[in-house]
Amino acid sequence: QRIAIPLKRDLFALDHSWQRHKQFDGCDQLKTVDLVGGAHTKTVASFHMESWRTEVISEINRINQVLLNTPAYDKADEIGQWMDSVIDKMNRFRAKHYRYVKEAITLLELALWKAKHGEKEEESVEERAKKAKVDTASARKERRITCGADTVIKNVLPFLELK
């Protein structure tokens, strides 16, 4: 009635003579699939958007509804397609997560640069640039490099990474 398997693509070997997966032929009572390993649980829990977590959890739970009405000779194919679907959803949300993190890091770096650039010092960047006969763009670039963003980002990034 129940199997426990890891979330992995191509877990079941294809029977080439029949051109289908036959692992659960004769298993009419198979109704429940439990995922083992826990990596998927940590990843889903670390998604920052609740809607992503809800969607992936719903997809994970879907197989146990589908198996109730799936004939035994189709169960292995159904489980394989379901695993591909769960992995694809997780990968899609993982990619979105990294795009958001990249955008957030960029904004953080700009905010740090702006804060450092706006600090009142003895002379403004423009005045120092004129005195040193260096163009303003170079002075701004130097300020960006020395604003400390690399240190701050290095310490913030671990909190934004997926498990």
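Residues numbered from 1 in each chain as written. Predicted model: local features only at pLDDT ≥ 70, side-chain atom pairs only at ≥ 80, totals over all residues. Heavy atoms only, no water.

Engineer: Explain the overall build of the chain here, please?
Structural biologist: Looking only at helices and strands, the chain has six helices and two strands in total. The order of α-helices and β-strands along the chain, N terminus first, is β-β-α-α-α-α-α-α. For the chain, the proportion of its 163 residues judged to be buried stands at 28%. Long-range contacts, defined here as pairs at least 24 residues apart, represent 74% of the contacts in the chain between residues at least 6 apart. Of the roughly 10,900 Å² of accessible surface on the chain, a fraction of 54% belongs to carbon and sulfur atoms. (Helix = DSSP H or I, 4+ residues; strand = E, 2+ residues; numbered from the N terminus. Buried < 20%, exposed > 50% of the residue type's maximum accessible area, 1.4 Å probe, protein only. Contact = heavy atoms within 4.5 Å. Areas by Shrake-Rupley, 256 points an atom, 1.4 Å probe, with all protein chains shown as cover.)

Engineer: Just checking my understanding: could you explain the side chain of threonine 32 for this structure?
Structural biologist: Turning to its location among the elements, threonine 32 is positioned in strand β2 (residues 32-36). When its relative accessible area of 18% is taken as the criterion, threonine 32 is described as buried. Setting aside residues no more than four positions away along its own chain, threonine 32 makes contact with Gln1, Arg2, Ile3, Asn64 and Leu67.

Engineer: Help me out: how do you make sense of unusual backbone geometry in this one?
Structural biologist: Where the residue is not glycine, phi is negative for most of them; where a peptide bond is considered, it is trans in most cases. Even without being glycine, aspartate 10 reaches a positive phi, approximately 50 degrees. Structurally, aspartate 10 can be placed in the loop between β1 (2-6) and β2. Note on aspartate 10: relative accessible area 70%, which makes it exposed.

Engineer: Can you walk me through the confidence of the model for the chain in this structure?
Structural biologist: The predicted coordinates should not be examined in detail at positions where pLDDT is low. Of all residues in the chain, 81% attain a pLDDT of 70 or more, and the chain-wide mean is 82. Confidence, read as mean pLDDT per element, is least for helix α4 (residues 125-131) in the chain (59) and greatest for helix α2 (residues 50-66) (95). (pLDDT = per-residue confidence, 0-100.)

Engineer: Looking at this structure, how should I read the packing of aromatic side chains?
Structural biologist: Two aromatic rings are characterised by how far apart their centres lie and by the angle between their planes. One pass over the full model with this rule turns up five aromatic pairs. Aromatic pair phenylalanine 12 and phenylalanine 24: ring centres 5.3 Å apart, planes at 85 degrees, arrangement edge-to-face. Taken together, the positions of phenylalanine 12 in the loop between β1 and β2 and phenylalanine 24 in the loop between β1 and β2 put the pair 12 residues apart, joining distant regions of the chain. For the pair formed by phenylalanine 12 and phenylalanine 24, the shared burial category is buried. One aromatic cluster is present, built from ring pairs that chain together Phe47, Trp52, Phe93 and Tyr100. Above the face of the phenylalanine 93 ring, arginine 92 is positioned so that its terminal group lies 4.7 Å from the ring centre. (Phe/Tyr/Trp six-rings, centres within 6.5 Å; stacked < 30°, edge-to-face > 60°. Lys NZ or Arg CZ within 6 Å of the ring centre and 35° of its normal.)

Engineer: Would you mind showing me how to read the environment of isoleucine 57 here?
Structural biologist: Structurally, the position occupied by isoleucine 57 is in helix α2. Judged by its relative accessible area of 42%, isoleucine 57 is partly exposed. Note: C-alpha distance between isoleucine 57 and histidine 40 (17 residues apart in sequence) is 9.9 Å.

Engineer: I would appreciate a short explanation of the pairing of β1 in the present structure.
Structural biologist: The two faces of a sheet get side chains in turn, since along a regular strand they alternate between them. Here β1 shows a clear split, with Ile3 and Ile5 buried on one side and none of Arg2, Ala4 and Pro6 buried on the other. As judged from the five bridges shared by β1 and β2, these two strands associate in the parallel manner. Residue pairing in the sheet places proline 6 in a bridge with valine 36 of β2. (Pairing = 2+ DSSP bridges.)

Engineer: Can you walk me through the nonpolar core in this structure?
Structural biologist: Nonpolar side chains tend toward joint burial in soluble globular proteins. One finds Ile5, Val33, Ile79 and Trp82 to be the most contacted residues of the largest nonpolar core, which totals 22 residues. Contributing elements (two or more residues each) for this core: β1, β2, α2 and α3 (72-118). With seven residues, α3 is the single largest residue contributor to this core. Each residue touching isoleucine 5, except ones within four places of it in the same chain, is listed here: Leu11, Phe12, Val33, Asp34, Leu35, Val36, Ile79 and Met83. (Core = buried A, V, L, I, M, F, W, Y, C linked by side-chain atoms within 4.5 Å.)

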